[in-house]
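Inside the fold
Listed below, chain by chain, are the residues.
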Amino acid sequence: MYNFMMQIYKRTLLIPCLILFLGLGDVHGQEKEVQYGNNKDAGSFLKVGNVNVYYESYGKGEPLVILHGNGNSIKDMRHQISFFSKEYHVIAIDSRGRGKSELGPDSQTNDKKAQPAAGLIKRHGLDSAYVIGYSDGGIVALIMGINFPETVKKMAVYGVNVTPDTNALYPSFIEPTIRKRKQAEEMLAKNDTTKNWKVIQQRYRMVEFQPRLTSKDLGRIKVPVLVLSADRDIIKPDHTLFIYKSIPKANLCIFPDATHRVPREQPGLFNTTVEKY
(Lines give C-alpha, C1' and ligand atoms only; values in the text may rest on other atoms or scores of the structure.)
Protein backbone atom coordinates (compact mmCIF):
# COMPACT_ATOMS: atom_id res chain seq x y z
CA MET A 1 0.00 0.00 0.00
CA TYR A 2 2.83 2.40 0.86
CA ASN A 3 4.51 1.90 -2.51
CA PHE A 4 1.19 2.36 -4.30
CA MET A 5 0.49 5.65 -2.43
CA MET A 6 4.00 6.92 -3.16
CA GLN A 7 3.52 6.30 -6.88
CA ILE A 8 0.28 8.31 -6.85
CA TYR A 9 2.03 11.09 -4.90
CA LYS A 10 4.90 11.31 -7.39
CA ARG A 11 2.51 11.38 -10.33
CA THR A 12 0.49 14.23 -8.79
CA LEU A 13 3.73 16.22 -8.44
CA LEU A 14 4.74 15.42 -11.99
CA ILE A 15 1.54 16.69 -13.59
CA PRO A 16 1.80 20.39 -12.52
CA CYS A 17 5.53 20.35 -13.31
CA LEU A 18 4.75 19.01 -16.79
CA ILE A 19 2.05 21.64 -17.28
CA LEU A 20 4.48 24.37 -16.17
CA PHE A 21 7.15 23.07 -18.52
CA LEU A 22 4.77 22.98 -21.47
CA GLY A 23 3.53 26.45 -20.59
CA LEU A 24 7.05 27.84 -20.59
CA GLY A 25 7.70 26.17 -23.90
CA ASP A 26 4.69 27.93 -25.38
CA VAL A 27 5.90 31.28 -24.07
CA HIS A 28 9.31 30.86 -25.69
CA GLY A 29 7.70 29.67 -28.90
CA GLN A 30 5.61 32.82 -29.02
CA GLU A 31 8.59 35.15 -28.56
CA LYS A 32 8.62 37.57 -31.45
CA GLU A 33 11.56 37.72 -33.82
CA VAL A 34 13.11 41.15 -34.32
CA GLN A 35 11.74 42.75 -37.49
CA TYR A 36 14.93 44.31 -38.79
CA GLY A 37 14.11 47.08 -41.22
CA ASN A 38 10.64 47.53 -39.72
CA ASN A 39 11.32 47.96 -36.02
CA LYS A 40 9.60 51.10 -34.71
CA ASP A 41 11.44 50.82 -31.39
CA ALA A 42 14.84 50.98 -33.09
CA GLY A 43 14.07 53.10 -36.16
CA SER A 44 14.55 56.82 -36.85
CA PHE A 45 14.94 59.18 -39.79
CA LEU A 46 17.75 61.56 -40.70
CA LYS A 47 17.11 64.49 -43.03
CA VAL A 48 19.86 64.68 -45.64
CA GLY A 49 19.22 67.63 -47.93
CA ASN A 50 15.63 67.11 -49.04
CA VAL A 51 15.61 63.34 -48.45
CA ASN A 52 14.56 61.37 -45.36
CA VAL A 53 16.95 58.49 -44.73
CA TYR A 54 15.83 55.67 -42.43
CA TYR A 55 18.12 53.86 -39.98
CA GLU A 56 17.90 51.53 -37.00
CA SER A 57 20.12 51.33 -33.91
CA TYR A 58 20.89 48.24 -31.83
CA GLY A 59 23.20 47.26 -29.00
CA LYS A 60 25.81 49.07 -26.95
CA GLY A 61 29.55 49.49 -27.28
CA GLU A 62 31.79 50.95 -29.93
CA PRO A 63 29.86 52.27 -32.96
CA LEU A 64 29.60 50.12 -36.08
CA VAL A 65 27.78 51.19 -39.26
CA ILE A 66 26.31 48.47 -41.51
CA LEU A 67 25.60 49.23 -45.18
CA HIS A 68 23.57 46.87 -47.38
CA GLY A 69 23.84 46.03 -51.09
CA ASN A 70 22.17 47.80 -54.03
CA GLY A 71 19.02 45.68 -54.28
CA ASN A 72 18.75 45.13 -50.53
CA SER A 73 17.67 46.95 -47.38
CA ILE A 74 18.32 46.80 -43.64
CA LYS A 75 16.47 43.47 -43.30
CA ASP A 76 18.94 41.77 -45.65
CA MET A 77 21.74 42.50 -43.17
CA ARG A 78 19.83 41.00 -40.24
CA HIS A 79 22.45 38.29 -39.67
CA GLN A 80 25.15 40.92 -39.31
CA ILE A 81 23.01 43.22 -37.14
CA SER A 82 22.03 40.47 -34.69
CA PHE A 83 25.62 39.18 -34.48
CA PHE A 84 27.52 42.44 -34.06
CA SER A 85 24.95 44.20 -31.86
CA LYS A 86 25.93 41.84 -29.05
CA GLU A 87 29.24 43.70 -28.72
CA TYR A 88 28.79 46.94 -30.69
CA HIS A 89 26.39 49.85 -31.07
CA VAL A 90 25.15 48.98 -34.55
CA ILE A 91 23.70 51.62 -36.86
CA ALA A 92 22.08 50.00 -39.93
CA ILE A 93 21.00 52.28 -42.77
CA ASP A 94 18.48 51.99 -45.60
CA SER A 95 20.22 53.66 -48.54
CA ARG A 96 18.23 56.12 -50.63
CA GLY A 97 15.34 54.52 -52.47
CA ARG A 98 15.64 51.30 -50.45
CA GLY A 99 13.56 50.10 -47.53
CA LYS A 100 12.00 53.11 -45.82
CA SER A 101 14.40 55.73 -47.16
CA GLU A 102 13.19 58.20 -49.77
CA LEU A 103 14.69 58.15 -53.25
CA GLY A 104 14.72 61.91 -53.73
CA PRO A 105 14.26 63.86 -56.95
CA ASP A 106 17.85 63.74 -58.18
CA SER A 107 19.88 60.88 -59.62
CA GLN A 108 21.42 58.30 -57.35
CA THR A 109 25.17 58.34 -56.77
CA ASN A 110 27.44 56.48 -54.39
CA ASP A 111 28.73 59.84 -53.14
CA LYS A 112 25.21 60.82 -52.04
CA LYS A 113 24.80 57.48 -50.27
CA ALA A 114 27.96 58.15 -48.25
CA GLN A 115 26.59 61.43 -46.88
CA PRO A 116 23.89 59.91 -44.61
CA ALA A 117 26.33 57.39 -43.14
CA ALA A 118 28.84 60.13 -42.30
CA GLY A 119 26.00 62.34 -41.06
CA LEU A 120 24.69 59.68 -38.70
CA ILE A 121 28.10 59.20 -37.12
CA LYS A 122 28.29 62.93 -36.45
CA ARG A 123 24.65 63.09 -35.31
CA HIS A 124 25.35 60.51 -32.61
CA GLY A 125 28.25 62.62 -31.36
CA LEU A 126 30.80 60.01 -32.41
CA ASP A 127 34.27 60.84 -33.62
CA SER A 128 34.40 57.77 -35.88
CA ALA A 129 32.96 54.28 -36.35
CA TYR A 130 33.75 50.86 -37.72
CA VAL A 131 32.02 50.23 -41.06
CA ILE A 132 30.87 46.99 -42.71
CA GLY A 133 29.75 47.34 -46.33
CA TYR A 134 28.27 44.66 -48.56
CA SER A 135 28.54 45.10 -52.36
CA ASP A 136 27.15 48.58 -53.10
CA GLY A 137 27.41 49.29 -49.37
CA GLY A 138 31.09 48.40 -49.57
CA ILE A 139 31.58 50.96 -52.34
CA VAL A 140 29.87 53.55 -50.13
CA ALA A 141 32.23 52.59 -47.29
CA LEU A 142 35.26 53.15 -49.52
CA ILE A 143 33.91 56.58 -50.51
CA MET A 144 33.44 57.39 -46.83
CA GLY A 145 37.11 56.58 -46.32
CA ILE A 146 38.03 58.90 -49.20
CA ASN A 147 35.64 61.83 -48.68
CA PHE A 148 34.86 61.60 -44.95
CA PRO A 149 38.05 60.06 -43.51
CA GLU A 150 37.45 61.47 -40.05
CA THR A 151 34.28 59.36 -39.67
CA VAL A 152 35.84 55.92 -40.29
CA LYS A 153 37.94 53.98 -37.80
CA LYS A 154 38.28 50.71 -39.71
CA MET A 155 36.23 48.95 -42.38
CA ALA A 156 35.41 45.61 -43.96
CA VAL A 157 34.04 45.61 -47.52
CA TYR A 158 32.69 42.58 -49.34
CA GLY A 159 32.20 42.11 -53.10
CA VAL A 160 33.14 45.63 -54.21
CA ASN A 161 34.13 47.10 -57.56
CA VAL A 162 35.54 50.56 -58.26
CA THR A 163 34.75 50.69 -61.99
CA PRO A 164 31.53 49.57 -63.74
CA ASP A 165 33.15 47.92 -66.75
CA THR A 166 34.47 44.50 -67.77
CA ASN A 167 37.75 45.25 -66.02
CA ALA A 168 35.81 44.68 -62.82
CA LEU A 169 32.65 42.73 -63.69
CA TYR A 170 31.87 39.73 -65.85
CA PRO A 171 29.86 40.40 -69.05
CA SER A 172 27.27 37.89 -67.83
CA PHE A 173 26.46 40.37 -65.05
CA ILE A 174 26.74 43.60 -67.05
CA GLU A 175 24.48 42.57 -69.95
CA PRO A 176 21.31 41.86 -67.89
CA THR A 177 21.97 45.04 -65.90
CA ILE A 178 21.77 47.14 -69.08
CA ARG A 179 18.72 45.24 -70.25
CA LYS A 180 16.87 45.82 -66.96
CA ARG A 181 17.77 49.52 -66.95
CA LYS A 182 16.39 49.93 -70.47
CA GLN A 183 13.23 48.04 -69.53
CA ALA A 184 12.67 50.37 -66.57
CA GLU A 185 13.07 53.43 -68.79
CA GLU A 186 10.62 52.03 -71.31
CA MET A 187 8.04 51.43 -68.59
CA LEU A 188 8.56 54.95 -67.23
CA ALA A 189 7.95 56.34 -70.71
CA LYS A 190 4.67 54.41 -70.80
CA ASN A 191 3.69 55.74 -67.35
CA ASP A 192 3.35 52.16 -66.17
CA THR A 193 2.56 51.86 -62.45
CA THR A 194 2.83 48.10 -61.91
CA LYS A 195 6.23 48.61 -60.24
CA ASN A 196 8.29 51.47 -58.87
CA TRP A 197 10.19 51.80 -62.13
CA LYS A 198 12.00 54.96 -61.01
CA VAL A 199 13.70 53.11 -58.17
CA ILE A 200 14.51 50.19 -60.48
CA GLN A 201 15.92 52.53 -63.12
CA GLN A 202 18.12 54.33 -60.59
CA ARG A 203 19.32 51.04 -59.15
CA TYR A 204 20.52 49.68 -62.48
CA ARG A 205 21.90 53.00 -63.68
CA MET A 206 24.18 53.01 -60.66
CA VAL A 207 25.47 49.54 -61.46
CA GLU A 208 25.91 50.39 -65.14
CA PHE A 209 27.69 53.72 -64.76
CA GLN A 210 29.22 53.80 -61.26
CA PRO A 211 31.54 53.90 -59.41
CA ARG A 212 34.63 55.38 -61.00
CA LEU A 213 37.42 55.33 -58.45
CA THR A 214 41.11 55.30 -59.33
CA SER A 215 44.12 53.79 -57.61
CA LYS A 216 44.98 57.32 -56.51
CA ASP A 217 41.53 57.68 -54.92
CA LEU A 218 41.90 54.40 -53.03
CA GLY A 219 45.35 55.48 -51.91
CA ARG A 220 43.73 58.28 -49.93
CA ILE A 221 42.10 55.76 -47.58
CA LYS A 222 44.33 55.80 -44.51
CA VAL A 223 42.43 53.43 -42.20
CA PRO A 224 42.77 49.63 -42.19
CA VAL A 225 40.48 47.93 -44.72
CA LEU A 226 39.61 44.26 -44.97
CA VAL A 227 38.83 43.58 -48.64
CA LEU A 228 36.68 40.44 -48.94
CA SER A 229 35.46 38.54 -51.97
CA ALA A 230 34.81 34.99 -53.17
CA ASP A 231 36.33 32.84 -55.88
CA ARG A 232 32.93 32.75 -57.63
CA ASP A 233 31.96 36.36 -57.10
CA ILE A 234 30.56 38.65 -59.82
CA ILE A 235 33.72 40.70 -59.26
CA LYS A 236 36.78 39.50 -61.16
CA PRO A 237 39.63 38.29 -58.89
CA ASP A 238 42.16 40.60 -60.57
CA HIS A 239 39.97 43.58 -59.78
CA THR A 240 39.70 42.61 -56.12
CA LEU A 241 43.50 42.35 -56.03
CA PHE A 242 43.74 45.81 -57.64
CA ILE A 243 41.60 47.29 -54.85
CA TYR A 244 43.60 45.47 -52.18
CA LYS A 245 46.94 46.65 -53.59
CA SER A 246 45.75 50.24 -53.98
CA ILE A 247 44.76 50.74 -50.32
CA PRO A 248 47.82 51.33 -48.10
CA LYS A 249 46.54 49.47 -45.02
CA ALA A 250 44.49 46.76 -46.71
CA ASN A 251 44.18 43.07 -45.92
CA LEU A 252 42.70 40.49 -48.25
CA CYS A 253 40.28 37.59 -47.76
CA ILE A 254 38.95 35.37 -50.57
CA PHE A 255 36.36 32.77 -49.58
CA PRO A 256 36.73 29.48 -51.50
CA ASP A 257 33.84 27.84 -53.33
CA ALA A 258 31.60 30.84 -52.57
CA THR A 259 29.59 33.51 -54.39
CA HIS A 260 28.63 37.18 -54.06
CA ARG A 261 26.05 36.24 -51.42
CA VAL A 262 28.33 35.03 -48.61
CA PRO A 263 27.08 37.62 -46.03
CA ARG A 264 23.55 36.32 -46.57
CA GLU A 265 24.11 32.62 -47.35
CA GLN A 266 27.08 31.96 -45.03
CA PRO A 267 26.68 34.62 -42.34
CA GLY A 268 28.53 32.62 -39.70
CA LEU A 269 31.66 32.43 -41.86
CA PHE A 270 31.43 36.08 -42.87
CA ASN A 271 30.70 37.45 -39.40
CA THR A 272 33.43 35.56 -37.57
CA THR A 273 35.99 36.51 -40.23
CA VAL A 274 35.13 40.20 -39.93
CA GLU A 275 34.96 40.01 -36.13
CA LYS A 276 38.47 38.57 -35.99
CA TYR A 277 39.73 41.42 -38.15
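Refer to the structure printed above.
Computed from a prediction, not measured in an experiment: that's the story for all the values here.

1. A few points about the sheet that holds strand E7 (residues 225-230)
Pairing between the strands of a sheet comes from backbone hydrogen bonds, and it takes one of two forms, parallel or antiparallel. The 8 strands lie next to each other as E1-E2-E4-E3-E5-E6-E7-E8, forming an open sheet whose pairing is mixed. On the outer flanks of this sheet lie strand E1 (43-48) and strand E8 (250-255), each paired with one strand and no other. Going from strand to strand, the sheet's axes swing by 20 degrees on average, the running direction of each strand aside. In this structure, strand E3 (residues 62-67) lies alongside strand E4 (residues 88-93), joined through 6 bridges in parallel fashion. Its bridge partner being in E4, Ile66 is matched across the sheet by Ala92.

2. Notes on the packing of helix H5 (residues 171-189) against helix H6 (residues 197-209)
Contact geometry for H5 and H6: axes closest at 8 Å, N-to-C directions at 145 degrees. Where H5 crosses over H6, the two elements pack in a sense that is left-handed. Where H5 abuts H6, its residues Phe173, Thr177, Ile178, Lys180, Arg181, Gln183, Ala184, Glu185, Met187 and Leu188 lie against Trp197, Lys198, Ile200, Gln201, Tyr204, Arg205, Val207, Glu208 and Phe209. Of the residues in the contact of H5 with H6, the class split is 10 nonpolar, 3 polar and 6 charged.

3. Re the pattern of salt bridges
Across all of its chains, the model carries 8 salt bridges by this definition. Among the ionic pairs, Glu62 bridges to Lys153, the shortest N-O distance being 3.1 Å. Within this pair, whereas Glu62 is found in strand E3, its partner Lys153 is found in strand E6 (residues 152-158), the two being separated by 91 residues in sequence. Classification of Glu62 as partly exposed rests on a relative accessible area of 38%. Overall, the relative accessible area of 30% leaves Lys153 in the partly exposed class. In this structure, Arg261 engages Glu265 in a salt bridge whose closest nitrogen and oxygen atoms are separated by 2.9 Å. When salt bridges that share partners are traced, they join Arg181, Glu185, Arg205 and Glu208 into one network.

4. Here's the deal with helix H8 (residues 237-246)
For H8, the full list of buried residues reads His239, Thr240, Ile243 and Ser246. Looking down the long axis of H8, one finds its buried residues gathered within 130 degrees of arc, a one-sided arrangement. In H8, the exposed residues that point more than 90 degrees away from the buried face are Asp238 and Lys245. In this structure, the buried residues of H8 make contact with helix H7 (215-218), E7 and E8.

What counts and what doesn't
Sequence order as written defines residue numbering, which begins from 1 separately in each chain. Local features in a predicted model are, by the rule used here, given only for residues with pLDDT of at least 70; side-chain atom pairs are given and counted only at 80 or more, and totals for whole chains, interfaces and linings are based on all residues. Hydrogen atoms and water are omitted, and side-chain values are computed over all heavy atoms in the structure. The rule for pairing is simple: two strands pair if DSSP sees at least two bridges between them. Numbering of helices and strands runs from the N terminus, with a helix taken as a DSSP run of H or I at least four residues long and a strand as a DSSP run of E at least two residues long. Here the axes come from fitting lines to C-alpha atoms, over the contacting stretch only for helices, and the angles between their N-to-C directions go from 0 to 180 degrees. For a crossing to be left-handed, the near helix must be turned anticlockwise from the far one by less than a right angle; the clockwise case is right-handed. It only takes one pair of heavy atoms within 4.5 Å for two residues to be counted as in contact. Under the convention adopted here, Pro, Cys and the residues Ala, Val, Leu, Ile, Met, Phe, Trp and Tyr are nonpolar, Asp, Glu, Lys and Arg are charged, and Gly plus all remaining residues are polar. When a carboxyl oxygen of Asp or Glu lies within 4 Å of a side-chain nitrogen of Lys or Arg, that pair is called a salt bridge. Whether a residue is buried, partly exposed or exposed follows from its accessible area with a 1.4 Å probe, protein chains only, as a fraction of its type maximum: under 20%, in between, or over 50%, in that order. Starting at the helix axis, one direction is taken to each C-beta atom, and the arc is that of these directions.

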